[in-house]
Amino acid sequence: MSQQAYFFVPLSLIVFLLSFPCSYGFPWKLPYNSSQAYPSYLSTIQGRKFGGKVMVSKRIDKVGRSLASFKTVNVDDYGAKGDGSDATEAFKEAWKVACSSRGSVLVVPKNKNYLLKPITFEGPCKSSITVEIHGTIQASTDRSAYSNDMSSWLVFKDAHNLAVQSGGTINGNGKIWWENSCKVNHDLPCMDAPRALTFYNCKDLVVKNLKIKNAQKQHVAFEKCVGVQASGLKITAPEDSPNTDGIHVTHSQNIKISSSVIATGDDCISIVSGTKKVQATRITCGPGHGISIGSLGSRNSEAHVSDITVNGATLSGTTNGVRIKTWQGGSGSASNIKFQNIKMHNVKNPIIIDQKYCDQRKPCKSQSRAVQVKNVLYKNIKGTSSSNEAIKLVCSDKFPCRDIVFQDIDLRVGGGKAANAVCDNAKITKIGLVSPSCT
């Protein structure tokens, strides 16, 4: 008589094995229905790239866990009403829960309006986190609410592997700040105003598909960040609103800005000291002050910016096109910069380097020191200028602009008239047709 062996399998082991998805052998493959349950969340996870490298998001743990196990945190569950009343404390509590969870999605529901006073969403968090803004977040118009810190309104600090996205609106309600600016009312003292949305010391960051408008000062700022993808942003403010830069980048690296529309009262994109390795592509800019490197070297400071590429942009009705601006008396360098494949429509200064930049009430003192501008390529830039001088290089006699290359440039005054080029203290190489051309 044969005997059969029986093995007892604990129920806990069966549950453990079944908890693994079928894709266990391929940890980056998601369950078949995950994209339907979390479409915008998955779009963040899949295909995150910078340059030619995939930046693998850690939004799925090592065993390929389904997104169903990620915690969803809705701000309404923490006391936010979404009727335009103050929701600051509710957002603080919701962030605290989301940040302390292993993988979470913080949701700001659609068709609702949340008023926030200045708030900092601070990490580091326990795991990755996505902030889904579907509704509207608006700033308090009570200026006294900013008495502790006049520099910022919404801040994400020390957050790694963070995504902020989903088609909602961030409204800075900046009018009260513009009216009290010394640039609007010259009788008033010059005071600071808050940035609308600041990312400070963040790594592996995605900011996409948001509408940001009427910032108190700069709309979006990346400061001391590494590995940023910003895309699908629509940033707007009145043409006469002071200091309302669209995207401001400082002391950051590996930044990619793409497919965004920016129309404000200052620079569409401003890139300042301590920044390197920035790519800006498919940018629509105007009105505003154009796309700028700088200003650099203010108050005799040392500044460094390098490896900046603007490839594919359309500028319309701006006061400048692509600009490098430095103060006299500064030091350091702006180098390895490429402006290429750019269309200009009625732009006042399509190509400009200004090493005598001065943005103050009193005339700036003439100084011999300057930030060195070198290795700059202007390629395939075409369109119309609203001024006779389509190219204007005002460089330092002690630190002249070096290795400036113009390739395939065709800029004319409106109506097809020939434009002029003014080039002081610049060492230039020309390739192909360059019009206008420095003599």
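Residues numbered from 1 in each chain as written. Predicted model: local features only at pLDDT ≥ 70, side-chain atom pairs only at ≥ 80, totals over all residues. Heavy atoms only, no water.

A count of helical and extended segments in the protein chain gives five helices and 33 strands. When each of the 439 residues of the protein chain is scored for burial, the buried share is 50%. Look at the contacts in the protein chain between residues 6 or more apart in sequence, and 76% of them connect residues 24 or more apart. With the model as given, the accessible surface of the protein chain reaches about 20700 Å², and the carbon-plus-sulfur share is 50%. (Helix = DSSP H or I, 4+ residues; strand = E, 2+ residues; numbered from the N terminus. Buried < 20%, exposed > 50% of the residue type's maximum accessible area, 1.4 Å probe, protein only. Contact = heavy atoms within 4.5 Å. Areas by Shrake-Rupley, 256 points an atom, 1.4 Å probe, with all protein chains shown as cover.)

Turning next to the environment of Asn 254. Summarising the element assignment, Asn 254 is placed in strand β20 (residues 253-263). In this structure the C-alpha to C-alpha distance between Asn 254 and Asp 307, which are 53 residues apart in sequence, comes to 9.7 Å.

Attention now moves to unusual backbone geometry. A cis amide bond links Gly 294 to the next residue, Ser 295, at an omega of 20 degrees. Locating Ser 295 in the fold gives a position in strand β23 (residues 291-296). Of note, the bond from Ser 435 into Pro 436 is cis; its omega dihedral lies within 30 degrees of zero at 0 degrees. As for its placement among the helices and strands, Pro 436 is situated in the segment after β33 (426-435). Despite not being glycine, Asn 254 shows a phi value in the positive range, around 60 degrees. Here Asp 307, not a glycine, exhibits a phi torsion of approximately 60 degrees, which is positive.

With respect to the element layout, Val 164 can be found in strand β11 (residues 160-165). With near-sequence residues (within four places) excluded, Val 164 lies in contact with Val 131, Ile 133, Phe 156, Phe 199, Val 206, Val 207, Lys 208 and Leu 210.

We now examine the packing of aromatic side chains. Aromatic ring pairs are reported here in terms of the distance separating the ring centres and the angle at which the planes meet. For the structure shown, the criterion picks out ten aromatic pairs. A centroid spacing of 5.5 Å and a plane angle of 25 degrees characterise the contact between Phe 339 and Tyr 378, whose relative ring orientation is stacked. You can see Phe 339 sitting in strand β26 (residues 331-347) and its partner Tyr 378 sitting in strand β28 (residues 372-385), a full 39 residues away along the chain. No difference in accessibility class separates Phe 339 from Tyr 378, as the two residues are buried. Taken together through their ring pairs, the aromatic side chains of Trp 95, Phe 121, Phe 156, Phe 199 and Phe 222 make up a single cluster. (Phe/Tyr/Trp six-rings, centres within 6.5 Å; stacked < 30°, edge-to-face > 60°.)

On to the sheet that holds strand β29 (residues 389-394). Read across the sheet, eleven strands follow the order β7-β10-β13-β16-β19-β21-β23-β25-β27-β29-β32 without closing on themselves; strand pairing throughout is parallel. Lying at the two open borders of the sheet, with one neighbouring strand each, are β7 (119-122) and β32 (420-424). Neighbour to neighbour, the strand axes of the sheet diverge by 15 degrees on average, direction disregarded. Sitting on the sheet, helix α4 (residues 88-99) is in contact with β7 and β10 (152-157), with an inclination near 5 degrees to β7. (Pairing = 2+ DSSP bridges. Axes fitted to C-alpha atoms, helices over the stretch in contact; angles between N-to-C directions.)

This part covers the pairing of β7. By the alternation rule, side chains of β7 split into Ile 119 and Phe 121, which are all buried, and Thr 120 and Glu 122, of which none is buried. The sheet contact formed by β7 and β10 spans four bridges and is parallel. Counterpart to Phe 121 in the pairing with β10 is Phe 156.

Right, let's talk about the environment of Gly 135 for a bit. In this fold, Gly 135 is placed in the loop between β8 (129-133) and β9 (136-139). In this structure Gly 135 comes out as buried when scored by relative accessible area, which is 4%. In this view, Gly 135 contacts Val 108, Pro 109, Lys 110, Asn 111, Lys 112, Gly 168 and Thr 169; residues no more than four positions away in its chain are not counted.

Another aspect to go through is the state of the cysteines. Under the definition given, this model contains six disulfides. With a sulfur-sulfur separation of 2.1 Å, Cys 99 is cross-linked through a disulfide to Cys 125. Taking the torsion about the sulfur-sulfur bond, which here is approximately -105 degrees, the covalent link between Cys 99 and Cys 125 counts as left-handed. Residue Cys 99 is found in helix α4, and its partner Cys 125 is found in the loop between β7 and β8; the two are separated by 26 residues along the sequence. Using a relative accessible area of 10% as the deciding quantity, one classes Cys 99 as buried. Its relative accessible area of 17% is what places Cys 125 among the buried residues. Linked covalently through their sulfurs, Cys 268 and Cys 285 form a disulfide whose S-S length is 2.1 Å. (Disulfide = S-S within 2.5 Å.)

These figures come from the coordinates and say nothing about function on their own.
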